[in-house]
Amino acid sequence: MEFSPDGGGRSGGNDVELLSKTLQVEHKLFYFDLKENPHRRYLKISEKTSATRSTIIVPFNGIAWSNGDN
């Protein structure tokens, strides 16, 4: 189940994708999606193998390389 960054259950249709990148390492695919909704901006990172998909969501101001500006 995928949760929205504001803790409100499934992500809604208000999320806007700002940037999307894909990285392949051996048999794994990594997806990096920078998104925002009316509440905040966040980075969604997904790892996909042939059998599974795992996702984490990081608030934009929690990313060390960002300057925290929203």
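Structure: see above.
Rules used in this analysis
Residues numbered from 1 in each chain as written. Predicted model: local features only at pLDDT ≥ 70, side-chain atom pairs only at ≥ 80, totals over all residues. Heavy atoms only, no water. Pairing = 2+ DSSP bridges. Helix = DSSP H or I, 4+ residues; strand = E, 2+ residues; numbered from the N terminus. Contact = heavy atoms within 4.5 Å. Polar contact = N/O pair within 3.5 Å; in protein donor to acceptor, adjacent residues only side chain to side chain. Axes fitted to C-alpha atoms, helices over the stretch in contact; angles between N-to-C directions.

A.B. asks: Report on the pairing of strand β1 (residues 16–25), specifying residues and quantitative values.
C.D. replies: Both β1 and strand β2 (residues 28–36) contribute to a ladder of 9 bridges, which runs antiparallel. Looking at β2, one finds that Thr22 is bridged to Tyr31. Count of turn residues in the β1/β2 antiparallel hairpin: 2 residues, of which Glu26 carries a positive phi of about 50°.

A.B. asks: Describe the environment of Lys28, listing the residues and the values that go with them.
C.D. replies: In this structure, Lys28 sits in strand β2. Along the sequence, Lys28 and Glu47 sit 19 residues apart, while their C-alpha atoms lie 6.8 Å from each other. When neighbours within four sequence positions are excluded, Lys28 is seen to be in contact with Leu23, Glu47, Lys48 and Thr49. Only 3.0 Å separates the side chain of Lys28 from the side chain of Glu47, close enough to count as a polar contact.

A.B. asks: Could you give me a rundown of the sheet that holds β2, with the residues and numbers involved?
C.D. replies: Here 4 strands make up an open sheet; going across it, the order is β1-β2-β3-β4 and the pairing antiparallel. For this open sheet the edge positions go to β1 and β4 (53–59), each flanked by a neighbour on one side alone. The mean inter-strand angle of the sheet, taken between neighbouring strand axes irrespective of direction, is 15°. For β2 and strand β3 (residues 41–48), the ladder comprises 8 bridges, and the chain directions are antiparallel. For Phe30, the partnering residue across the bridge sits in β3 and is Glu47.

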